[in-house]
Amino acid sequence: MTQQLEGWSTRRRCETIARFWGLHWSAIQLTVLREKGGDDLARLKYLILRRHQRSHFLEGVDKLGIDRSLPPAIVAGRYHYFSNAIGGLTMEYVEESPKKVWIRYLPPAWSFPGQSLFAVPPAVEHAMFAGWHPFNGASLGTKRLAFVVTKVYQQGEPYDEGYFIEHGRDLDPDEHLRFEPVTRSPDFDPEKAPKLSPQEWPEERLAKARRNFALGYVEDAIVTAQEMYGVQAAASLIGHAARMTAIQFFHEFRTTFGVGGSKAADLVAIVEALATLAGDEISVSVEKDGKYVVRRANRILRSDPPAVEIYAALFEFVRMGAKVLSPRIRLTLDGIDAAPGITERWTVEDTADRQF
């Protein structure tokens, strides 16, 4: 355990690394928006949500303790209410009837923190809904479930909102998703909202689930970007996103870990703390005073490692972090071993001369 993390609770550990991964998730999306445009970001978001829906929905229904024999609108609504609340979003849930269930995603927007939301077109939020919500019925074995989007942030509404509705007939493929603004919505009553079992979901499990929620979106964003653009172009986008994340937020993590200096040792301390929270395997050896050799086995995408170029792109967060910390830190990525696993080797040292 690094000194910076002594005494940290599981919740604090998980929320800190979830914040780190959540920022990368936002940065990849915004980089695609800047470099490729709104249509590409909408396509990226759609494909990511499709991937997530296929891999997480039914498994998540069971993990969350939702009875699949309940009406499908309730099953689907409760899944989104619970899973997103666990991930750190503020949610509301209203059972208007067994066949009509509302969900709201309240501000601030998790995917686009701060002013970044201002730049995102409504089509991206439409794609988010289109990639997941209308497919829940098929996963539950019914053709009668639809989702109706009633509000989205980017169209000047106070939250994202919609409802699942079960019809009395089988729906055609193009009827499972509609966009229909409404002037009034039903009230949320927290006393009537469903609750997770505290025995099945104690605080430690909730904290770890929040960590995994953020990691999962980063991993799917990386894989989807690679599928859309190929290795080299995706690596360029991911590398830029990592650099911008360091520019904007490296000092936040420096403060979080209580690191006050601007030397090579301080850079190592920050990265070591992040790696420990992420579950990476990291070792640091001292070659001489002010010079360190670091080896890190990166956890991200460990089960299905992408090209080495993608890991080199992610390393840009550390490279830019060194520059943010001090112009007198020399950082050299000595290599990335692709097998077994993905292990970075890099050297960091203090220098008398400015590096840039």
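Structure report, in brief.

What counts as what
- Residues numbered from 1 in each chain as written.
- Predicted model: local features only at pLDDT ≥ 70, side-chain atom pairs only at ≥ 80, totals over all residues.
- Heavy atoms only, no water.
- Axes fitted to C-alpha atoms, helices over the stretch in contact; angles between N-to-C directions.
- Helix = DSSP H or I, 4+ residues; strand = E, 2+ residues; numbered from the N terminus.
- Parallel < 35°, antiparallel > 145°, perpendicular 65-115°, else oblique.
- Left-handed = near helix turned anticlockwise from the far one by under 90°.
- Contact = heavy atoms within 4.5 Å.
- Nonpolar A, V, L, I, M, F, W, Y, C, P; charged D, E, K, R; others polar.
- Expected span 1.5 Å × (residues − 1).
- Buried < 20%, exposed > 50% of the residue type's maximum accessible area, 1.4 Å probe, protein only.
- Core = buried A, V, L, I, M, F, W, Y, C linked by side-chain atoms within 4.5 Å.
- Phe/Tyr/Trp six-rings, centres within 6.5 Å; stacked < 30°, edge-to-face > 60°.
- Pairing = 2+ DSSP bridges.

## Details of the packing of helix α6 (residues 203-229) against helix α7 (residues 231-256)
Here comes step 1: Put simply, α6 and α7 touch, their axes get as near as 7 Å, and they point 135 degrees apart. Between α6 and α7, the angle falls in the class oblique. Judged by the sense of rotation from one axis to the other, the crossing of α6 with α7 is right-handed. Along its contact with α6, which presents Ile222, Ala225, Gln226 and Tyr229, the element α7 presents Val231, Ala233, Ala234, Leu237 and Ile238.
Here comes step 2: Residue composition of the contact of α6 with α7, grouped by class: 8 nonpolar, 1 polar and no charged.

## Looking at helix α2 (residues 38-63)
Since one α-helical turn is 3.6 residues long, residues separated by three or four positions face the same way.
Here comes step 1: With 26 residues, α2 ought to run about 38 Å at 1.5 Å a step, and its terminal C-alpha atoms sit 35 Å apart, in line with that.
Here comes step 2: Those residues of α2 that sit buried are Leu41, Ala42, Leu44, Lys45, Ile48, Leu49, Arg50, His52, Gln53, Phe57, Gly60 and Val61.
Here comes step 3: Looking at the buried side of α2, the elements it contacts are α1 (10-36), α3 (72-86), α4 (122-132), α5 (136-139) and α6.
Here comes step 4: Immediately downstream of α2, the backbone of Gly65 shows phi near 75 degrees, a positive value.

## So, the nonpolar core
Here comes step 1: Trp21, Ile222, Phe257, Ile300 and Val348 are the most contacted members of the largest nonpolar core, which totals 107 residues.
Here comes step 2: In contact with Val348, other than residues within four places in its own chain, are Ala264, Leu267, Val268, Gly290, Lys291, Tyr292, Ile329, Arg330 and Leu331.
Here comes step 3: In this structure, Val94, Trp102, Ile165 and Leu171 belong to the second largest nonpolar core, which totals 7 residues.

## Brief notes about the packing of aromatic side chains
Here comes step 1: Summed over all chains, the structure comprises 19 aromatic pairs.
Here comes step 2: The interplanar angle of 25 degrees and the centroid separation of 5.8 Å between the aromatic rings of Trp8 and Phe257 together place this pair among those described as stacked. Here Trp8, found in the segment before α1, pairs with Phe257, found in the loop between α7 and α8 (264-278); they are 249 residues apart in sequence, far enough to count as distant. Comparing Trp8 with Phe257 shows no difference in burial state: the two are buried.
Here comes step 3: With centroids separated by 5.6 Å and ring planes inclined at 80 degrees, the aromatic side chains of Phe20 and Phe253 adopt a geometry described as edge-to-face. Highlighted residues: Phe20 in helix α1 and Phe253 in helix α7, separated in sequence by 233 residues.

## Some words on α4
Here comes step 1: Across the 11 residues that make up α4, a large majority, 8, are buried.
Here comes step 2: For α4, the complete set of buried residues consists of Val124, Glu125, Ala127, Met128, Phe129, Ala130, Gly131 and Trp132.

## A look at the packing of α7 against helix α10 (residues 316-325)
Here comes step 1: Here α7 crosses α10 at 50 degrees, and the two axes come no closer than 8 Å. If you check the angle between α7 and α10, you find them oblique. Viewed along their axes, α7 and α10 form a crossing whose handedness is right-handed. Contact residues: α7 offers Gly239, Ala242, Arg243, Thr245, Ala246, Ile247, Phe250, His251 and Arg254, while α10 offers Glu316, Phe317, Met320, Gly321, Val324 and Leu325.
Here comes step 2: When the residues that make up the contact of α7 with α10 are grouped by side-chain class, the tally is 8 nonpolar, 4 polar and 3 charged.

## Digging into the sheet that holds strand β9 (residues 343-350)
Here comes step 1: Within the open sheet, the 4 strands sit side by side as β6-β7-β9-β8. Their pairing is antiparallel. Two strands lie at the open edges of the sheet, namely β6 (281-288) and β8 (329-337), each paired on one side alone. Sheet twist, expressed as the mean angle between neighbouring strand axes with direction ignored, is 15 degrees.
Here comes step 2: Judged from the 8 bridges that link them, β8 and β9 form a sheet pairing that is antiparallel. Bridge pairing links Ile336 to Glu344 in β9.
Here comes step 3: α10 rests against β7 (291-297), β8 and β9 of the sheet, and its axis sits at about 170 degrees to β8.

## Considering the sheet that holds strand β4 (residues 160-166)
Here comes step 1: The sheet built from 5 strands is open, its strands ordered β1-β2-β4-β3-β5 with mixed pairing. Strands at the two margins of the open sheet, each flanked by one partner only, are β1 (90-97) and β5 (177-179). Shown here is a sheet whose adjacent strand axes are inclined to one another by a mean of 20 degrees, direction ignored.
Here comes step 2: Sheet analysis places strand β2 (residues 100-106) next to β4, joined by 6 bridges and oriented antiparallel. Bridge pairing in β4 links Lys100 to Ile165.

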